[in-house]
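A look at the structure
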Amino acid sequence: MESMRIDPGFDDLKQLIVQRRSLNCDHYKDGYLRRRFAVRMRARGVSGYDDYVRLLRSDPIEYDELMRDLTINVTQFFRDEAVFKALEDEVLPLLIYQKVSRGESSIRIWSAGCSSGEEPYSVSILMKELLGEEFERFSLSIVASDIDAEVLESAKEGRYLPRQVVNVPRPYLERYFTLDEGLYQLSPSIMEMVHFRNIDLFTATAGSHFDLILCRNVVIYFTREMQERLYMKFYRSLRDGGYLVMGNTETLVGEAATLLTPTHTRERIYQKR
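Parameters at a glance
- Residues numbered from 1 in each chain as written.
- Predicted model: local features only at pLDDT ≥ 70, side-chain atom pairs only at ≥ 80, totals over all residues.
- Heavy atoms only, no water.
- Helix = DSSP H or I, 4+ residues; strand = E, 2+ residues; numbered from the N terminus.
- Rg over C-alpha atoms; globule rule 2.2 N^0.38 Å.
- Buried < 20%, exposed > 50% of the residue type's maximum accessible area, 1.4 Å probe, protein only.
- Contact = heavy atoms within 4.5 Å.
- Areas by Shrake-Rupley, 256 points an atom, 1.4 Å probe, with all protein chains shown as cover.
- Lys, Arg positive; Asp, Glu negative; His and termini not counted.
- Charge placed at Lys NZ, Arg CZ, Asp CG, Glu CD.
- Pairing = 2+ DSSP bridges.
- Axes fitted to C-alpha atoms, helices over the stretch in contact; angles between N-to-C directions.
- Polar contact = N/O pair within 3.5 Å; in protein donor to acceptor, adjacent residues only side chain to side chain.

A separate point is the overall build of the chain. Within the chain, the secondary structure is distributed over 12 helices and 10 strands. In terms of overall size, the chain behaves like a compact globule, its C-alpha atoms giving a radius of gyration of 20 Å where 273 residues would be expected to give roughly 19 Å. Split into buried and exposed, the 273 residues of the chain put 49% on the buried side. Pairs at least 24 apart in sequence give 74% of the contacts found in the chain among residues at least 6 apart. For the chain, the accessible area works out to roughly 13,700 Å², and carbon and sulfur atoms hold 49% of it. When the 37 positive and 42 negative side-chain charges of the chain are each reduced to one mean point, those points stand 3 Å apart.

What follows is the structure in structure tokens.
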């Protein structure tokens, strides 16, 4: 109750964010929220939570800046080794085998919430390796989407700090990256596979009939109602037999939990049977 008397606008601000952007602030500690709010308040010359609430109501564009600050995260190539090992050793080889056995050549992949591009580029490296000499026989499309247009522009450059490539296996690092002025530049042969799109997951989709959708460490930020809606959107966007890969701290909820079958429970990989 004491904190309510000190800054009653704090809870009003959190509630407004839930209402307008469905971002579940309960996933964050109050101290973190206060620090991130303070950054935006200073940037806009606002001194109190009530004033910032009024600013958000009058300037919807500020929501984008606030969301960027709240959901900022450090991304890396091949983040979560177990997940990418399952993809490289089992999921993708089986997917390719089934394509060949059916006489199909189109492979569609969607990285939803791709941030600065490490995830879709990691998948493109795996596909390049797995297809090998047969690569040209396939029509491979990797769509990478994010709500943050600025971070997408960075992703398109394909230049990364050493800490971002620390998990890249040495053969892949030597084959697909060049060191340039302290940054690792990704090979054009990998970059050209990925098509970046500015998409708000709640209002748009990257398409349909995807063989693989990755949405990791994104949905956890949203309310359960919005999680259920997003998972059903992904379900509908998958082709029969397609895979959904979630973050290792996320749980499949709602109707989608009855429609998608776990194939790798620990790695949070599900299949549309």
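Right, let's talk about the sheet that holds strand 4 (residues 177-180) for a bit. The strand order across the open sheet built from 3 strands is 3-5-4, with neighbouring strands paired in antiparallel fashion. In the strand order of this sheet, the two ends are held by strand 3 (159-160) and strand 4, each with one partner. With 2 bridges joining them, strand 3 and strand 5 (residues 183-186) adopt antiparallel strand pairing. Paired with Y160 across the bridge in strand 5 is Y184.

Now for the environment of D240. Its place among the elements puts D240 in strand 8 (residues 238-246). On the accessibility criterion, D240 (60% relative accessible area) is exposed. For the pair D240 and R273, spaced 33 residues apart in the sequence, the C-alpha separation amounts to 5.9 Å.

The next subject is the sheet that holds strand 2 (residues 139-146). The sheet built from 7 strands is open, its strands ordered 6-2-1-7-8-10-9 with mixed pairing. Two strands lie at the open edges of the sheet, namely strand 6 (194-198) and strand 9 (260-264), each paired on one side alone. When the angles between neighbouring strand axes are averaged without regard to direction, this sheet yields 20°. When strand 2 meets strand 6, the two strands line up parallel, connected through 5 bridges. Residue V143 lies in a different strand from strand 6, and its bridge partner there is H195. Against the sheet, helix 8 (residues 149-157) makes contact with strand 2 and strand 6, and its axis sits at roughly 165° relative to strand 6, the strand it touches most.

One can find D211 in strand 7 (residues 210-215). Overall, D211 belongs to the buried group, its relative accessible area being 3%. Here K99 takes part through its side chain, which lies 2.9 Å from a polar atom of the side chain of D211. Other than its neighbours up to four places away in sequence, D211 contacts L95, K99, S106, I107, R108, L238, R239, G242 and Y243.

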